[in-house]
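Below are the chains, spelled out letter by letter.
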Amino acid sequence: MLDFFTIFSKGGIVLWCFQGAGVTESFTGPVNALIRSVILQERGGNNSFTHEALSLKYKLDNEFELIFVVGFQKILTLTYVDKFIDDVQLHFRDRYKNELEQKGTLKLLNSTFAFEDAFSELLKLAEESSKARSPVPMRSFKESEKSQKTVKSMIETKGGDKGKEQGGKKSKNTKKEGECCLLRVVVRMFGSLLHSVANVLKSPKPQKPKEKQKRVWDNAGSSDKNLDYSDKNGAGSGDGEKNLEAQFDPVCSTSKELAVGAEASASLTMKRGGGFGGMFGMLKGLVGSKSLSRDDMEPVLEKMRDHLIAKNVAADIASQLCDSVAKKLEGKVMGTFTTVASTVKQALQDSLVQILQPKRRVDILRDVMEAQSQRRPFVITFCGVNGVGKSTNLAKISYWLIENGFSVLIAACDTFRAGAVEQLRTHQRRLNSLHPPEKHGGRPVVQLYEKGYGKDAAGIAMEAIAYARNQAFDVVLVDTAGRMQDNAPLMTALAKLIAVNMPDLVLFVGEALVGNEAVDQLVKFNQALADHSMSDKPRLIDGIVLTKFDTIDDKVGAAISMTYITGQPIVFVGTGQTYNDLRSLNARAVVSALMKA
Ligand SMILES: Nc1nc2c(ncn2[C@@H]2O[C@H](COP(=O)(O)OP(=O)(O)OP(=O)(O)O)[C@@H](O)[C@H]2O)c(=O)[nH]1
Ligand SMILES: [Mg+2]
């Protein structure tokens, strides 16, 4: 049933692996994909991953820095896998504790882990238990308990079960029961009050109690004892008081009693906590050297989550990140003199830096040079919702490219918004005035390719690329119209533009001001590109331009949301409205702004 099971250290040493009978394909690819796309990208909140036809589940052992991965065909529903992976982890840890405790890669490499027998045994047990739990056929009505009941048994008889109930429950000295008992006393008192009022109304003469059970409400003459109906017979004998005492903690009246009460409650706290409360607990929390549990981390994670949201990280992403950090830390032994809060904070900080680090090389200048050597222009398309700064940042990037010695053709493919073409023409003029043609062999370094409004944007982009090839421009920057992610016709048009022209880079332009909306925008842009792609491997967003970074102070969360969703790097950061206001992202600076209280 299982395709493979592998146990490896976080450092990358495979300690043990199993390959299912008849499975010929190597599992290196899926495991590498899991490491690259989930474990290294802090998407560990959910411990499963699908890769082509395989479903992978994994478990981290943070104490011994191990990863347990199981793979099986995704069409199979293996209900036992979660428990099985836990069992294997526990067995492996217990069996090879000594080897695993030795520090150092070489020692680990030299150790042998003959785990086959135990693994097969565990697998057999897991498969059998899942068979045993296979769906039970539905019972017929005749077999059900309901069919055994007679109508008579369903009719409630007054007081029928009372005695049984009282007798059965009396031994339990719980608070709930005490409350019930008190309620019963009150109800009885109220009942007898009504009863006596009725009696008084019926006969004005004072009544003599005929039987012991009959209760009389006589305000004038009866003592307090008469009011106590808590004993079984209803006689105010004072036994009821004892019963109540047994069910509720007595209220301490003297200071001695108070002291005893305090002691008792202290011992109760110790018992409940299962360890040392008070000062010892506080010291233990401070000094550490215990393994972290989810419960220990929960309050800190909750605070961290709120903190991230306050810094403009999308709520979903903040939760996923905190879950991933929790998974990474669960079971980890804390260092001496570290608190839970500092451990969690450090782990979160590392995760954030990891997310912002580019996963692949993004070097536009080098790529342009490579395209130059192939005698073709390097094409970049800018897309995003309305007014985020696509055209302005396109102009800034033109300036940066010109400064680096390249010639640029701007394709005016926003044929929709009034003034879009004129806006680009103004930028072209200004850029040419900053870099006059005289300095560049008499040829303008920036040109605008435009066909006015209302035309097909994909067609204009294609013509512009052909023109750039003929005129030996180094780079083509394609400006597109802003569109909301829910506008299906416009999203289809963008997907077509990208599918037809196959640009070298698709940059998504997004405002740093955006909060939860970032997730929706990126997911839907990527979805539209995937849906309308003509190839098996669709062209999705390759990178992000994060604009208006100068307007957000330290609420830099959008950077995290955007990179987390796409897994793509932030290629440029727009920090103002002049041509110089273009930066690359400094991951550490962003993370320190994020973590700042
Ligand atoms: N403060 C600041 N403002 C910016 C930045 N980038 C763009 N802007 C401003 O944002 C506004 C919109 O910029 P555009 O470039 O026209 O935006 P667009 O995405 O092309 O808009 P549409 O084409 O209508 O979708 C302009 O006023 C820009 O000056 C930035 O990094 N910082
Ligand atoms: Mg524009």
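Given the structure is predicted, the values throughout are model-derived calculations rather than measurements.

## With respect to the sheet that holds strand β7 (residues 408–413)
- Reading across the sheet, the 8 strands line up as β8-β7-β9-β6-β10-β11-β12-β13 and stay open at both edges, with mixed pairing between neighbours. Each end of this open sheet is capped by a strand with a single partner; those strands are β8 (446–449) and β13 (582–583).
- The strands that helix α19 (residues 420–434) touches are β7, β8 and β9 (475–480); relative to β8, the one it contacts most, it runs at about 165 degrees.
- Helix-sheet contacts for helix α23 (residues 557–566) involve β10 (505–511), β11 (543–547) and β12 (570–574), and the interaxial angle to β11 is about 165 degrees.

## Focus: the pairing of strand β5 (residues 66–73)
- Counting buried positions along β5 gives 7 out of 8 residues, so the element sits mostly inside the fold.
- In terms of strand pairing, strand β1 (residues 2–9) meets β5 through 7 bridges, oriented antiparallel. Its bridge partner being in β5, I7 is matched across the sheet by F68.
- Relative to β5, strand β4 (residues 54–61) is paired through 8 bridges, and the arrangement is antiparallel.

## Let's talk about the pattern of salt bridges
- For the structure on display, the rule yields 20 salt bridges.
- In this structure, R93 and D61 form a salt bridge, with 3.0 Å as the shortest nitrogen-oxygen distance. Here R93 is found in helix α2 (residues 81–95), whereas its partner D61 is found in strand β4, with 32 residues between them in sequence.
- Here K596 and D554 are joined by a salt bridge, their closest N and O atoms 4.0 Å apart. One end of the pair, K596, is in the segment after α24 (587–595); the other, D554, is in the loop between β11 and α23, and 42 residues separate them in sequence.
- For D554, a relative accessible area of 14% translates into the label buried.
- Here the salt bridges share partners, and the residues they tie into one network are D61, E63 and R93.

## A short note on the site of ligand 1
- In the vicinity of ligand 1, 20 residues are found, and the nearest of them are K390, T392, R417, D550 and Q577.
- Interatomic distance of 2.8 Å between a side-chain N/O atom of D550 and a nitrogen atom of ligand 1.
- Contact between ligand 1 and Q577: an oxygen atom at 2.5 Å from a side-chain N or O atom of the residue.
- For the shell around ligand 1, the class distribution of residues is 1 nonpolar, 13 polar and 6 charged.

## With respect to the nonpolar core
- Core analysis: the biggest nonpolar cluster contains 109 residues, and V344, L352 and L477 have the highest contact counts within it.
- Per-element accounting of this core gives the leading share, 8 residues, to helix α16 (residues 340–356).
- Among all residues touching L352, those that are not within four sequence positions of it are L308, L321, I560, V591, L594 and M595.
- The next biggest cluster of nonpolar side chains, apart from the first, holds 28 residues, and it includes L2, F72, V81 and F92.

## Concerning helix α1 (residues 28–39)
- Among the residues of α1, P30, V31, A33, L34, V38 and I39 are the ones counted as buried. All buried residues of α1 project into a common sector of 160 degrees when viewed along the axis, lining one side.

## Here's the deal with the side chain of D581
- Mapped onto the elements, D581 comes out in the loop between β12 and β13.
- Of the buried charged residues, D581 lacks a salt bridge, with R583 as the closest side chain of opposite charge at 4.6 Å.
- Among the polar contacts listed, one links the side chain of D581 to the side chain of T578, at a separation of 2.9 Å.
- Ignoring any residue separated from it by four or fewer positions in sequence, one finds D581 in contact with K396, V573, G574, T575 and G576.

## With respect to unusual backbone geometry
- Residue E65 is not a glycine yet carries a positive backbone phi of 55 degrees.
- By the element assignment, E65 lies in the loop between β4 and β5.
- The partly exposed category is assigned to E65, whose relative accessible area is 32%.
- Positioned with a positive phi, M502 is a non-glycine residue whose angle comes to about 40 degrees.
- As for its position among the elements, M502 is in the loop between α21 (488–501) and β10.

## Some words on α24
- Among all positions of α24, only A587, V590, V591, A593, L594 and M595 are buried.
- Elements that come into contact with the buried residues of α24 comprise α14 (294–310), α16 and α23.

## Some words on the packing of α14 against α16
- With their axes 9 Å apart at the nearest point, α14 and α16 run at an angle of 45 degrees to one another. Viewed along their axes, α14 and α16 adopt a mutual orientation that is oblique. Relative to α16, α14 is oriented so that their crossing is right-handed. On α16, the residues that touch D296, M297, V300, L301, M304 and L308 of α14 are V340, A341, V344, K345, L348 and L352.

## Examining the sheet that holds strand β3 (residues 48–51)
- Strand order in this open sheet of 5 strands is β2-β1-β5-β4-β3, and the pairing throughout is antiparallel. Edge positions in the open sheet fall to β2 (14–19) and β3, since each of these has one partner strand only. Taken over all neighbouring pairs, the strand axes of this sheet differ in orientation by 15 degrees on average, direction set aside.
- In the sheet, β1 pairs with β2 via 5 bridges, with the strands oriented antiparallel. Note that in β2 the partner of F8 across the bridge is V14.
- The strands that α2 touches are β1, β2, β4 and β5; relative to β4, the one it contacts most, it runs at about 40 degrees.

## A look at the pairing of strand β6 (residues 378–383)
- Burial runs high along β6: 6 of the 6 residues are buried.
- Where burial is concerned, the two faces of β6 agree: the one with F378, I380 and F382 and the one with V379, T381 and C383 are both buried.
- Note: β6 against β9, 5 bridges, orientation parallel. In the sheet register, F378 faces β9, and the bridge partner there is V475.
- Bridge count between β6 and β10: 4 bridges; the pairing is parallel. Residue pairing in the sheet places I380 in a bridge with L505 of β10.

## Considering the UniProt feature "domain: SRP54-type proteins GTP-binding" (unreviewed entry) in the chain
- According to UniProt, the "domain: SRP54-type proteins GTP-binding" (unreviewed entry) feature falls on residues 569–582.
- The distance separating the terminal C-alpha atoms of residues 569–582 is 15 Å; by composition the span is 0% helix and 43% strand.

## Some points on the packing of α14 against helix α15 (residues 315–329)
- Their axes nearest at 9 Å, the elements α14 and α15 cross at an angle of 150 degrees. The pairing of α14 with α15 is recorded here as roughly antiparallel in orientation. Where α14 crosses over α15, the handedness of that crossing is right-handed. Facing R294, M297, L301, M304, R305, L308 and I309 of α14, the residues of α15 in contact are A315, A318, S319, L321, C322, D323, V325, A326 and L329.
- Partitioning the contact of α14 with α15 into residue classes produces 12 nonpolar, 1 polar and 3 charged.

Cut-off values and rules
Residues numbered from 1 in each chain as written. Chains lettered and ligands numbered in written order. Predicted model: local features only at pLDDT ≥ 70, side-chain atom pairs only at ≥ 80, totals over all residues. Heavy atoms only, no water. Pairing = 2+ DSSP bridges. Helix = DSSP H or I, 4+ residues; strand = E, 2+ residues; numbered from the N terminus. Contact = heavy atoms within 4.5 Å. Axes fitted to C-alpha atoms, helices over the stretch in contact; angles between N-to-C directions. Buried < 20%, exposed > 50% of the residue type's maximum accessible area, 1.4 Å probe, protein only. Salt bridge = Lys/Arg side-chain N within 4 Å of Asp/Glu carboxyl O. Near = heavy atom within 4 Å. Polar contact = N/O pair within 3.5 Å; in protein donor to acceptor, adjacent residues only side chain to side chain. Nonpolar A, V, L, I, M, F, W, Y, C, P; charged D, E, K, R; others polar. Core = buried A, V, L, I, M, F, W, Y, C linked by side-chain atoms within 4.5 Å. Arc of directions from axis to C-beta. Lys, Arg positive; Asp, Glu negative; His and termini not counted. Parallel < 35°, antiparallel > 145°, perpendicular 65-115°, else oblique. Left-handed = near helix turned anticlockwise from the far one by under 90°. UniProt positions renumbered as here; feature names shortened; annotations may be inferred.

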